[in-house]
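What follows is the residue order along each chain.
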Amino acid sequence: EPEVTQTPSHQVTQMGQEVILRCVPISNHLYFYWYRQILGQKVEFLVSFYNNEISEKSEIFDDQFSVERPDGSNFTLKIRSTKLEDSAMYFCASSDARSQLGTQYFGPGTRLLVL
Amino acid sequence: GNSVTQMEGPVTLSEEAFLTINCTYTATGYPSLFWYVQYPGEGLQLLLKATKADDKGSNKGFEATYRKETTSFHLEKGSVQVSDSAVYFCALRANNAGNMLTFGGGTRLMVKP
């Protein structure tokens, strides 16, 4: 069964450093998402992406964040200058092209720790 | 704004016990409702969904009924197994919020043999 994959599974970085989290969505999907879960808190929506542009973003997704689909398979989340409060589990998701409101399939997450 | 509230865990049950995990929501209009499950070390997996009032979603013995009058979508299973041990997330997708999902805080279920 096709699945969303994410790399790395864990990343530790120093405050102020840039990080790039990578995701490979399901191959025939065209809608992509990032969510995050700070330890002990709810899963929160960050951004959705379709047709090479952001379609929605939350207030969390400020200028420090960016997303990109650099090729036909990867979908990345970049944090330009990490802060301590960026420490969280980051989930990528994708949904298919039949409907904008299709079921979202999630990856296993990347746990980011900012020191 | 839109929000989802679910019972805090952990919920600890013996094998074959009956499970209920409560979920209530606040949203305008008629949201779609979901239960996702996260097994240890894995991502969120869709367990079941319901898109309109009185719909019942079901999968793997789990059921949830979309109750608009009580704004609830409680998850139930008649007889849990050790393999059901996981974190369960209730979520909604509001009609006025595009494609984003709004999640509850998650409920950890532990099933003992």
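Residues numbered from 1 in each chain as written. Chains lettered and ligands numbered in written order. Predicted model: local features only at pLDDT ≥ 70, side-chain atom pairs only at ≥ 80, totals over all residues. Heavy atoms only, no water.

A. Representation of the overall build of chain B within the structure. Across its full length, chain B holds 0 helices and 12 strands. What you see in chain B, going N to C, is helices and strands ordered as β-β-β-β-β-β-β-β-β-β-β-β. In summary, chain B has a C-alpha radius of gyration of 13 Å against a globular reference of 13 Å for 113 residues, a match within 12%. Viewed in the frame of its principal axes, chain B has a C-alpha envelope of about 45 × 30 × 20 Å. Put simply, chain B has 113 residues, and 46% of those count as buried. Considering only residue pairs separated by 6 or more positions, chain B has 56% of its internal contacts joining residues 24 or more positions apart. Within the structure as shown, chain B displays about 5200 Å² of accessible surface, and the carbon and sulfur contribution to it stands at 48%. Computed over 10 positive and 10 negative side-chain charges, the inter-centroid distance for chain B is 6 Å. (Helix = DSSP H or I, 4+ residues; strand = E, 2+ residues; numbered from the N terminus. Rg over C-alpha atoms; globule rule 2.2 N^0.38 Å. Buried < 20%, exposed > 50% of the residue type's maximum accessible area, 1.4 Å probe, protein only. Contact = heavy atoms within 4.5 Å. Areas by Shrake-Rupley, 256 points an atom, 1.4 Å probe, with all protein chains shown as cover. Lys, Arg positive; Asp, Glu negative; His and termini not counted. Charge placed at Lys NZ, Arg CZ, Asp CG, Glu CD.)

B. Just the overall build of chain A, in detail. In terms of helices and strands, chain A carries 0 helices and 11 strands. Listed N to C, the secondary structure of chain A is β-β-β-β-β-β-β-β-β-β-β in terms of helices and strands. The C-alpha atoms of chain A give a radius of gyration of 13 Å, which matches the 13 Å a tight globule of 115 residues would have. For chain A, buried positions account for 49% of its 115 residues. Pairs at least 24 residues apart make up 54% of the contacts formed inside chain A by residues separated by at least 6 positions. Looking at chain A as shown, the accessible area adds up to about 6000 Å², and 47% of this sits on carbon and sulfur atoms. Within chain A, the 14 negative side-chain charges are centred at a point lying 2 Å from the centre of the 10 positive side-chain charges.

C. Examining the interface of chain A and chain B more closely. With 18 residues of chain A at the contact, the number on the chain B side is 19 residues. Both sides together, the interface formed by chain A and chain B hides about 1500 Å², and carbon and sulfur atoms give 53% of it. Applying the counting criterion to the chain A and chain B interface returns 0 salt bridges. On the surface where chain A and chain B come into contact, there are 4 residue pairs in polar contact (both at pLDDT 80 or more). When contributions to the side of chain A that touches chain B are tallied by element, the ones reaching two or more residues are strand E4 (29-37), strand E5 (43-50) and strand E9 (88-96) of chain A. No other element matches E4 of chain A, which puts 4 residues into the side of chain A that touches chain B. Classifying every residue of the side of chain A that touches chain B by side-chain character gives 9 nonpolar, 7 polar and 2 charged. (Buried area = accessible area lost by both parts, 1.4 Å probe. Salt bridge = Lys/Arg side-chain N within 4 Å of Asp/Glu carboxyl O. Polar contact = N/O pair within 3.5 Å; in protein donor to acceptor, adjacent residues only side chain to side chain. Nonpolar A, V, L, I, M, F, W, Y, C, P; charged D, E, K, R; others polar.)

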